[in-house]
Amino acid sequence: MSKKITDKVTWVGKVDWELKGFHGHEYSTDKGSSYNSYLIRDKKTVLIDTVWQPYDKEFVARLKQEINLDEIDYIIANHGEIDHSGALPELMREIPNTPIYCTKNGAKILKGHYHQDWNFVTVKTGDTLDIGESKLVFVEAPMLHWPDSMFTYMTGENILFSNDAFGQHYATESLYNDVVDQSELFVEATKYYANILTPFSALVIKKIEEVLSFNLPVDLICTSHGVIWKDNPTQIIHQYLKWADNYQENQITIIYDTMWNSTRKMAEAIAKGIMEADPNVTIKLCNSAIEDKNDLITEIFKSKAILLGSPTVNGGYLYSIGGLLEMAKGLKFKNKKAAAFGSYGWGGEVVKQLSEKLTECGFSVVNEGHRSLWVPDEQELDNCVEYGKQFVEATR
Ligand code: FEO
């Protein structure tokens, strides 16, 4: 089903309510997602992006109901990742000579994915395409989040087609930001930024400042995932500037894994100490073995400090903590404090290992951490409470 956005622009994408995992299983999509594609009808007809490959036939069939495919003059591929380019092979079988506008890297990536010598027209920032009353203006956005990423701005309608930027993995039939559940929308937008864009924050700020310097009016931000930002559309741009600026809330998150609950008991006692030392701080306890990994990353993103706990097992830490640390390393969090804790029976080297790994991941480790031998008794739990208080002082 297509949805008219303006007299000239129609949404022709796919809402994927069933999607539970994205990037394979790297990103949990509890609320589904959408692959937004847009058809522009001016004097020329333009298709911006397509949809993920499993929906290629459905996409092309629905597009045929909307328009005679031979009437499409240009295709814009803002980004070559398969969730946006996946229906190109099916489409290009029907209209093989239609020019595909993309960046130089975009052409390389599309060739690398589909091994087809389509009619690529490569564009750079500032290049324009006359389509009648409106013009399309291209803005390269390399590494936001792939080397080929770009935005396309449509004059007259004042629409920024931002592709992945400003998106959310959020299925909605309502299409616009002001008619969906606001708390769900911002939870998903935050998770999306935390898990995908965090490592590129410096580039996010630079690119947004560049786009703002053009002084282009923006009436709509048409993303490629989730809602179209229509009500106060630039709110998400300003939110991105906040998120990109070493974002943190007054939150301390304690993430632990546990075998026989000793490390969990430590975590709870440390939380008690934190609360006693600073009743105003938001404290969250998360067992990394049972919580969603992307939600944990989002909690780290929101935190000013984290505590990471694991028992010592076979001379190392539990695998859920190891996996999370590997994700955190890639995301390059900045301006966050941390420390480690954990129970042990012998050896007990994990707290030192975790402290070193946290440093390697870019966290500022504030102390040597805290260990408890076997199952903590009342006295040792009091020590953990005291450690929580000390952690608050060290993170002020
Ligand atoms: Fe939505 Fe980078 O693909």
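It should be emphasised that the depicted structure is a prediction, and the values quoted were computed from it without experimental measurement.

### Observations concerning the overall build of the protein chain
Right, on to step 1. Broken down by element type, the protein chain carries 12 helices and 23 strands.
Right, on to step 2. Projected onto the principal axes, the alpha-carbon positions of the protein chain cover approximately 80 × 40 × 35 Å.
Right, on to step 3. Considering the protein chain as a whole, with its 396 residues, one finds that 58% of them fall into the buried category.
Right, on to step 4. For the protein chain, the proportion of contacts with a sequence separation of at least 24, taken over those separated by at least 6, is 71%.
Right, on to step 5. Counting every atom, the protein chain has about 16800 Å² of accessible surface; 50% of that belongs to carbon and sulfur.
Right, on to step 6. For the protein chain, the separation between the mean place of its 40 positive charges and that of its 55 negative charges on side chains is 3 Å.

### Some thoughts on the side chain of Thr 172
Right, on to step 1. Inspection of the secondary structure puts Thr 172 in the loop between strand S15 (159–163) and helix H5 (182–197).
Right, on to step 2. Since its relative accessible area comes to 6%, Thr 172 is described here as buried.
Right, on to step 3. At 2.8 Å, the side chain of Thr 172 forms a polar contact with the backbone nitrogen of Ser 174.

### Here we look at the pattern of salt bridges
Right, on to step 1. Taken as a whole, this structure holds 24 salt bridges when the rule is applied.
Right, on to step 2. Lys 14 is the partner of Glu 58 in a salt bridge, and the nearest nitrogen-oxygen pair spans 2.8 Å. Remark: Lys 14 occurs in strand S3 (residues 14–16) and Glu 58 occurs in helix H1 (residues 56–66); sequence separation between them is 44 residues.
Right, on to step 3. With a relative accessible area of 17%, Lys 14 lands in the buried category.
Right, on to step 4. Look at the salt bridges and you will find they share partners, linking Glu 326, Lys 329, Lys 357 and Glu 360 into a network.

### Here's the deal with the domain arrangement of the protein chain
Right, on to step 1. According to the domain assignment, the protein chain contains domain 1 (3–244) and domain 2 (251–395).
Right, on to step 2. One C-alpha centre belongs to domain 1, the other to domain 2, and the line joining them spans 39 Å.
Right, on to step 3. With 13 residues of domain 1 at the contact, the number on the domain 2 side is 11 residues.
Right, on to step 4. Around 1000 Å² of area is buried between domain 1 and domain 2 when both sides are counted, 57% of it from carbon and sulfur atoms.
Right, on to step 5. Across the domain 1-domain 2 interface, the total number found is 1 salt bridge.
Right, on to step 6. Here domain 1 is connected to domain 2 by 6 residue pairs in polar contact (both at pLDDT 80 or more).

### What to know about the pairing of strand S13 (residues 135–140)
Right, on to step 1. By the bridge criterion, 3 bridges tie strand S12 (residues 128–130) to S13 in an arrangement that is antiparallel. Residue pairing across strands places Leu 129 opposite Leu 136, the latter belonging to S13.
Right, on to step 2. Linking two consecutive strands that pair antiparallel, namely S12 and S13, is a turn of 4 residues; a positive phi of about 130° is found at Gly 132 within it.
Right, on to step 3. Alignment of S13 against strand S14 (residues 150–154), held across 5 bridges, turns out to be antiparallel. Across the sheet, the residue bridging to Glu 140 is Met 150, located in S14.

### Focus on the sheet that holds S15
Right, on to step 1. Pairing is mixed across the open sheet formed by 6 strands, whose spatial order is S12-S13-S14-S15-S16-S17. Edge strands, defined here as strands with exactly one partner in the open sheet, are S12 and strand S17 (228–229).
Right, on to step 2. Relative to S17, strand S16 (residues 220–223) runs antiparallel, the two sharing 2 bridges. Looking across to S17, one finds that Ile 221 is bridged to Trp 229.

### Things to note about helix H8 (residues 262–277)
Right, on to step 1. With 16 residues, H8 should reach 22 Å at 1.5 Å per residue; the first-to-last C-alpha distance of 23 Å fits that figure.
Right, on to step 2. Considered for burial, the residues of H8 that qualify are Ser 262, Thr 263, Met 266, Ala 267, Ala 269, Ile 270, Ala 271, Gly 273 and Ile 274.
Right, on to step 3. Taken together, the buried residues of H8 touch strand S18 (251–256), strand S19 (282–287), strand S20 (305–309), strand S21 (337–344), strand S23 (370–373) and helix H12 (378–395).

### Description of helix H11 (residues 350–360)
Each full turn of the α-helix corresponds to 3.6 residues, which orients residues three or four apart in the same direction.
Right, on to step 1. Every buried residue belonging to H11 is among Val 350, Val 351, Leu 354, Ser 355, Lys 357 and Leu 358, and all of these are buried. Angular distribution of buried residues about the axis of H11 spans 165°; they occupy a single face of the element.
Right, on to step 2. Buried residues along H11 sit in contact with S20, helix H10 (319–331), S21, strand S22 (364–365) and S23.
Right, on to step 3. One or two positions beyond H11, positive phi appears at Gly 362, with a value near 100°.

### Brief notes about the packing of aromatic side chains
Right, on to step 1. In total, this model carries 18 aromatic pairs according to the counting rule given.
Right, on to step 2. Consider the rings of Phe 151 and Phe 166, whose centres lie 6.5 Å apart with planes at 40°: the pair is tilted. In this pair, Phe 151 sits in strand S14 while Phe 166 sits in the loop between S15 and H5, placing the two residues 15 residues apart along the sequence. Just as Phe 151 is buried, Phe 166 falls in that class too.
Right, on to step 3. Taken together, the aromatic side chains of Phe 151, Phe 166, Tyr 193, Tyr 240, Trp 243, Tyr 247 and Phe 301 make up a single cluster linked through ring pairs.
Right, on to step 4. Sitting over the ring of Tyr 176, Lys 230 keeps its end group 4.4 Å from the ring centre.

### Quick notes on the side chain of Thr 152
Right, on to step 1. Mapped onto the elements of the fold, Thr 152 is located in strand S14.
Right, on to step 2. Within the local environment of Thr 152, its side chain forms a polar contact with the side chain of Asn 78, the two groups lying 2.7 Å apart.
Right, on to step 3. The residues contacting Thr 152, other than those within four sequence positions of it, are Ile 48, Ile 76, Asn 78, Leu 136, Val 137, Phe 138, Ile 159, Leu 160 and Phe 161.

Cut-offs applied
- Residues numbered from 1 in each chain as written.
- Predicted model: local features only at pLDDT ≥ 70, side-chain atom pairs only at ≥ 80, totals over all residues.
- Heavy atoms only, no water.
- Helix = DSSP H or I, 4+ residues; strand = E, 2+ residues; numbered from the N terminus.
- Buried < 20%, exposed > 50% of the residue type's maximum accessible area, 1.4 Å probe, protein only.
- Contact = heavy atoms within 4.5 Å.
- Areas by Shrake-Rupley, 256 points an atom, 1.4 Å probe, with all protein chains shown as cover.
- Lys, Arg positive; Asp, Glu negative; His and termini not counted.
- Charge placed at Lys NZ, Arg CZ, Asp CG, Glu CD.
- Polar contact = N/O pair within 3.5 Å; in protein donor to acceptor, adjacent residues only side chain to side chain.
- Salt bridge = Lys/Arg side-chain N within 4 Å of Asp/Glu carboxyl O.
- Domains from an automatic or database assignment.
- Buried area = accessible area lost by both parts, 1.4 Å probe.
- Pairing = 2+ DSSP bridges.
- Expected span 1.5 Å × (residues − 1).
- Arc of directions from axis to C-beta.
- Phe/Tyr/Trp six-rings, centres within 6.5 Å; stacked < 30°, edge-to-face > 60°.
- Lys NZ or Arg CZ within 6 Å of the ring centre and 35° of its normal.

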